[in-house]
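# Understanding the architecture of this molecule
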Amino acid sequence: MAYEKFTILKSTAVPLPIENVDTDQIIPARFLKATERKGFGDNLFRDWRYNQDNSPKKDFVLNDPTYTGQILVGGKNFGSGSSREHAAWAVYDYGFRCVVSSFFADIFKNNCLNIGVLPVQVSESFLETLFETITANPKTSLTVDLPQQTITLDEKGIQETFEINPYKKENLQNGYDDIDYLLNLKGEIEHFAKTRPF
């Protein structure tokens, strides 16, 4: 499934300064029956967003119109717990293209990279500055530059670099998942096959 190309993203951000956010909190298990990557955004952080009568919890950040944007800034150890890829689907389907944290669970990180969500790992001090600045000014913008592998807090002009697997970086910049990547190489693969002796 192809997705929108990711090169440079400039956006306001939604702060979620909670550590150890696991995949069951991101998307509760009762919503995992669907097999397509659609509709999961409605249930992102479902139990934190809604009361049992389905009314929104006013004190949860996704229900606060003050904070908007395509970047989610989460606390340390984001995406821990089970390996469900639905958690990454929910993040993407809600509209986030980038998640920032000081540490990601490996499986969640890879699931994000596979579907077009860029996980940006920063230092704990930079993360703390992000939370402080965004809370003080919700209009604060961040610029995430994938080609240069940098994230910039525009208001303060401070920047950090981040690491990313070169293969995943190429896929994100082209809007490819793993299957798209192989299909893009179809001509080369067919040519190679024709030159091999049987």
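Note that the coordinates shown come from a computational prediction; the quantities given were computed from them, not determined experimentally.

Within the chain one finds eight helices and seven strands. Sequence-distant contacts, at least 24 apart, represent 66% of the contacts inside the chain between residues at least 6 apart. Of the roughly 10500 Å² that the chain leaves accessible, carbon and sulfur atoms contribute 50%.

Time to look at the sheet that holds strand E1 (residues 8-16). Pairing in this open sheet of seven strands is mixed, and the strands run E4-E3-E2-E1-E5-E6-E7 from one edge to the other. The strands lining the two open edges of the sheet, one partner per strand, are strand E4 (118-121) and strand E7 (158-161). Taking each pair of neighbouring strands and ignoring which way they run, the sheet shows an average axis angle of 30°. Direction of pairing for E1 relative to strand E2 (residues 71-74): parallel, over a ladder of four bridges. Note on E2: the bridge partner recorded for Ala13 is Ile71.

What follows concerns the packing of helix H3 (residues 86-94) against helix H4 (residues 106-115). Here H3 crosses H4 at 50°, and the two axes come no closer than 8 Å. Our classification of the angle between H3 and H4 gives oblique. Note that H3 runs across H4; the crossing there is right-handed. Packed against H3, whose contacting residues are Ala87, Ala88, Trp89, Val91 and Tyr92, the element H4 presents Phe108, Asn111, Cys112 and Ile115 at the interface. Partitioning the contact of H3 with H4 into residue classes produces eight nonpolar, one polar and no charged.

Basis of the calculations
Every chain is numbered independently, its residues counted from 1 as its sequence is written. Per-residue local features of the predicted model are confined to residues with pLDDT of at least 70, and side-chain atom pairs are confined, for both listing and counting, to 80 or more; whole-chain, interface and lining totals are unaffected and use all residues. Derived side-chain values reflect all non-hydrogen atoms in the structure, with water molecules and hydrogen atoms excluded from consideration. Only DSSP runs of H or I reaching four residues or more are called helices, and only runs of E reaching two or more are called strands; each is numbered from the N terminus. In what follows, a contact means two residues having at least one pair of non-hydrogen atoms within 4.5 Å. Methods summary: accessible areas were calculated by the Shrake-Rupley approach with a probe of 1.4 Å, and residue burial reflects only the protein chains presented. Note on pairing: two strands pair once DSSP finds at least 2 bridges between them. To define axes, lines are fitted to C-alpha atoms, for helices over the stretch in contact only, and angles between the resulting N-to-C directions are given on a 0 to 180 degree scale. Angle categories: roughly parallel below 35 degrees, roughly antiparallel above 145, roughly perpendicular from 65 to 115, and oblique for all the rest. Crossings are classed by handedness, with left-handed meaning an anticlockwise turn of the near helix from the far one by less than a right angle and right-handed meaning a clockwise turn. For this scheme, ten residues count as nonpolar: Ala, Val, Leu, Ile, Met, Phe, Trp, Tyr, Cys and Pro. Four count as charged, namely Asp, Glu, Lys and Arg, and the remainder, Gly too, count as polar.

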